[in-house]
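Inside the fold
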Amino acid sequence: MLAQQILNGIVVGAVYSLFALGFNLIFGVHRILNLAHGGVVMVGAFAGLYAVLAGLPIWVAFLAAALAAGLLSVLIDFVAFRPLRQRGEMEFAALVSSIGVDMVLTTLAQRWSGTQVMRFPFDAFPISSFTLFGLRMTTMQLTILGVVLAVSVLLVIYLYGTSFGRQVRAAAENDRAARLLGVNVTAVYVQTFFISGLLAGLTGVLLGLAFNNVYFLMGEPLLLKGFVVLILGGLGSLKGALVAGFLLGIIQAICTAYLPNGLSDPVVYGLLFVIILLRPSGLFGDTVRNVRAVRQ
Amino acid sequence: MMSFLAAYHPLIDLLLLNCGCAFGQYIVLRAGAFSIANAGLTSIGAYTAAILATRYGIGLGGTLLCSTAVGLVVAILLSLPLARLRGVYQAIATLAFVQIVLTLALYAEGLTGGALGLNAIPKLVGTPTLLICVLAVFYLMAALDRTRLGQAFDAIRQDEIVAATLGVQIASTQVVAFALSGAISGLFGGLIALHTYSIDPNQFGFPMLVSLLAMVVLGGRRSIYGPIVGATILTLLPEIARPLSDNRTLVHGIMLILIIVFLPRGVVDSLRGLSFRKPRRLQQGVASDVPSA
């Protein structure tokens, strides 16, 4: 029973991890708390859904969702963040701007979908269950785990094994110094937003398939849970995001199983509050200097 | 005049409530604290007032006093741990606070009525009471503007290190800002409860948090007229332009982006900046004094 709960928690946690990876990539490089990330996830889910409804196979739907969300993310950077980057007061301004973007995305999606909860067609994804070490698992769960692990590995190879990744890390460390050393910082910015969007699009389709609903507000609870993951793992830390996502999934599954109904959310948000006070740099974060740093 | 007031009565009440809540958000932002806890504080005030008025039959004055006091105390307690944090970390911690309050309100059904909320709250508040409360808060802000405390708020917001160097006690000054914000939010939460017959947790969630932030950002974080202007524009705009009212959140979102990109200091502060700008000739003179490298 406990093992089964933990397994279910790990699968949900994998989706949180994927979400937090995309979010943290932007925070790590740009120091932007991008509240529109939930909205991008939602748009990705809709893109995947419409691709399936148009009769395309499911892997094309994944691709379409990732591409659509990636392009949207780059567009958001151009419209909402790029004009702010020229000025000093980035932190507050970017947060407000991203809230504005999120409102625009959810309203447009609400009008587009007519406020309905939409579903993937029944046969969109072949679901069969099997038993592994005495635990029941579905092909859906296996796919989620596989996609998340594959994406994480690719991201690590990209960031730590290629020249592009070195440029991204250089720009994250100090964009002016990177520019002096010949890094095309603008290209780095576009890349990070695009990759973050790709991850968000995949998150959206996986979420839509796993819970079998796609609706215009689906990004909001994910965003709030995402904050718990981000703080638990440390803002800007990719390793932290990955581990903390799984951790939150497990914590939540255990809370849901053993605590009275409705108490699991207060516990999770309480955890966020306590961690941000006691260890604001998170489990793996190296952000103490940023926390204590004074606003410019 | 009277018929105009009668026709737009609910709108005026809504405007006054929004102005008051916006002042609660304004005062912390002005003091350089990045707190978005006001939706949570407002809901605490609203639940306090609703429970006291419905279950214990306490009158208007006592109820509002209690909800103000509860908001004040909770905000002070919240500000103590928050003093350790800065910037986005403060924002996330206060967002977590709002979520804790709301999920507890959903959970504690015996006390708060859960998702259904509290209904059949006696309507004790009319437009005159709301107007008096908004004017009282505005007077408080105007008085604060002229004291050292108001200057300390501005100094911290502009540059915390400079403020500390000039002898401003950062921590205690921000506790005062939080306390004021909590008291104002608690008071207007109580007014919302006693004005609208029923309250439920979802009314105080993410959308409220966003719209409060939008009002203050739109109006301006420096001038005391900022929250009033912001609340007025965001409340009246959908009413004036009828076709826009279906797209209220869309308009809010686009305005938020445009304002932060083009008028980052908000409407009021940008206009003031224009009128106080030095004469053009003087600026040119200063520029030409600078040796050309």
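Here, every reference points to the structure presented above.
We now turn to the structure provided with this report. Not measured: the values here are computed from a predicted model.

Rules of the game
- Residues numbered from 1 in each chain as written.
- Chains lettered and ligands numbered in written order.
- Predicted model: local features only at pLDDT ≥ 70, side-chain atom pairs only at ≥ 80, totals over all residues.
- Heavy atoms only, no water.
- Helix = DSSP H or I, 4+ residues; strand = E, 2+ residues; numbered from the N terminus.
- Rg over C-alpha atoms; globule rule 2.2 N^0.38 Å.
- Contact = heavy atoms within 4.5 Å.
- Areas by Shrake-Rupley, 256 points an atom, 1.4 Å probe, with all protein chains shown as cover.
- Lys, Arg positive; Asp, Glu negative; His and termini not counted.
- Charge placed at Lys NZ, Arg CZ, Asp CG, Glu CD.
- Buried area = accessible area lost by both parts, 1.4 Å probe.
- Salt bridge = Lys/Arg side-chain N within 4 Å of Asp/Glu carboxyl O.
- Polar contact = N/O pair within 3.5 Å; in protein donor to acceptor, adjacent residues only side chain to side chain.
- Nonpolar A, V, L, I, M, F, W, Y, C, P; charged D, E, K, R; others polar.
- Buried < 20%, exposed > 50% of the residue type's maximum accessible area, 1.4 Å probe, protein only.

**A look at the overall build of chain B**
Regarding its fold elements, chain B presents 15 helices and 0 strands. Its C-alpha atoms give chain B a radius of gyration of 20 Å, near enough to 19 Å, the size a compact globule of 293 residues would have. In terms of overall dimensions, chain B has a C-alpha envelope of 75 × 45 × 30 Å along the principal axes. Residue pairs at least 24 apart in sequence account for 80% of intrachain contacts in chain B once pairs closer than 6 positions are excluded. Split by element, the accessible area of chain B, about 13,000 Å² in all, is 68% carbon and sulfur. Positive and negative side-chain charges in chain B, numbering 18 and 11 respectively, have mean positions lying 8 Å apart.

**Concerning the interface of chain B and chain A**
Chain B puts 42 residues into the contact, and the matching count from chain A is 49 residues. Between chain B and chain A, the buried area comes to about 4,300 Å², and carbon and sulfur atoms account for 75% of it. Linking chain B with chain A are 0 salt bridges, by the criterion used here. For the interface between chain B and chain A, the tally reads 1 residue pair in polar contact (both at pLDDT 80 or more). When contributions to the side of chain B that touches chain A are tallied by element, the ones reaching two or more residues are α4 (60–82), α5 (87–107), α9 (160–165), α11 (206–219) and α13 (248–262) of chain B. Per element, the largest residue contribution to the side of chain B that touches chain A is 13 residues, and it comes from α5 of chain B. A class-by-class count of the residues in the side of chain B that touches chain A yields 28 nonpolar, 9 polar and 5 charged.

**Describing the pattern of salt bridges**
Side chains that differ in sign of charge can pair as their charged atoms come close. All names here are of chain B. Summed over all chains, the structure comprises 8 salt bridges over all chains. When the shortest N-O distance is used, the salt bridge between Asp154 and Arg30 registers 2.9 Å. With Asp154 in helix α8 (residues 148–158) and Arg30 in helix α2 (residues 9–30), this residue pair connects regions lying 124 residues apart in the sequence. A residue is classified by how much of its surface remains accessible, and Asp154, at 9% relative accessible area, is buried. Arg222 is the partner of Asp154 in a salt bridge, and the nearest nitrogen-oxygen pair spans 3.2 Å.

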